[in-house]
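# Breakdown of the fold
For reference, the chains in residue letters:
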Amino acid sequence: MPPGKASIALLSRISPQGEVADVSAGTSVGFDLDHYRKIAIKQRAYGQSLTMLALTEALAGLK
């Protein structure tokens, strides 16, 4: 079975150095959508761990 769209999107955001791009700088509770639109997008360490978890789950689903 080919990889799903989410896995392809995640893989496309991993640099040759292993850094994951386009990770939210934080998700504090906001009162409207504009609050979330203004959250910075950058490389974060926890983005790498969540990406690894998601890709591990995707691989487990291929069995």
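Residues numbered from 1 in each chain as written. Predicted model: local features only at pLDDT ≥ 70, side-chain atom pairs only at ≥ 80, totals over all residues. Heavy atoms only, no water.

Our next topic: unusual backbone geometry. Residues other than glycine seldom take positive phi values, yet Asp 22 does so here, at roughly 65°. Structurally, Asp 22 can be placed in the loop between helix 1 (5-12) and strand 1 (23-24). (Helix = DSSP H or I, 4+ residues; strand = E, 2+ residues; numbered from the N terminus.)

Next up on the list: the pattern of salt bridges. All chains considered together, the criterion is met by two salt bridges. Here Asp 22 and Arg 13 are joined by a salt bridge, their closest N and O atoms 3.2 Å apart. Take Arg 13: its relative accessible area is 35%, and that puts it in the partly exposed class. In this structure, the salt-bridge partner of Asp 34 is Lys 38, at a minimum N-O distance of 3.2 Å. According to the relative accessible area criterion, Asp 34 is partly exposed, its value standing at 35%. The exposure class assigned to Lys 38 is exposed, which follows from its relative accessible area of 63%. (Salt bridge = Lys/Arg side-chain N within 4 Å of Asp/Glu carboxyl O. Buried < 20%, exposed > 50% of the residue type's maximum accessible area, 1.4 Å probe, protein only.)

Bringing the confidence of the model for the protein into the picture now. When pLDDT is averaged across the protein, the result is 84; 95% of the residues are at 70 or more. Within the protein, helix 1 carries the highest mean pLDDT (91), whereas strand 2 (residues 41-42) carries the lowest (76). (pLDDT = per-residue confidence, 0-100.)

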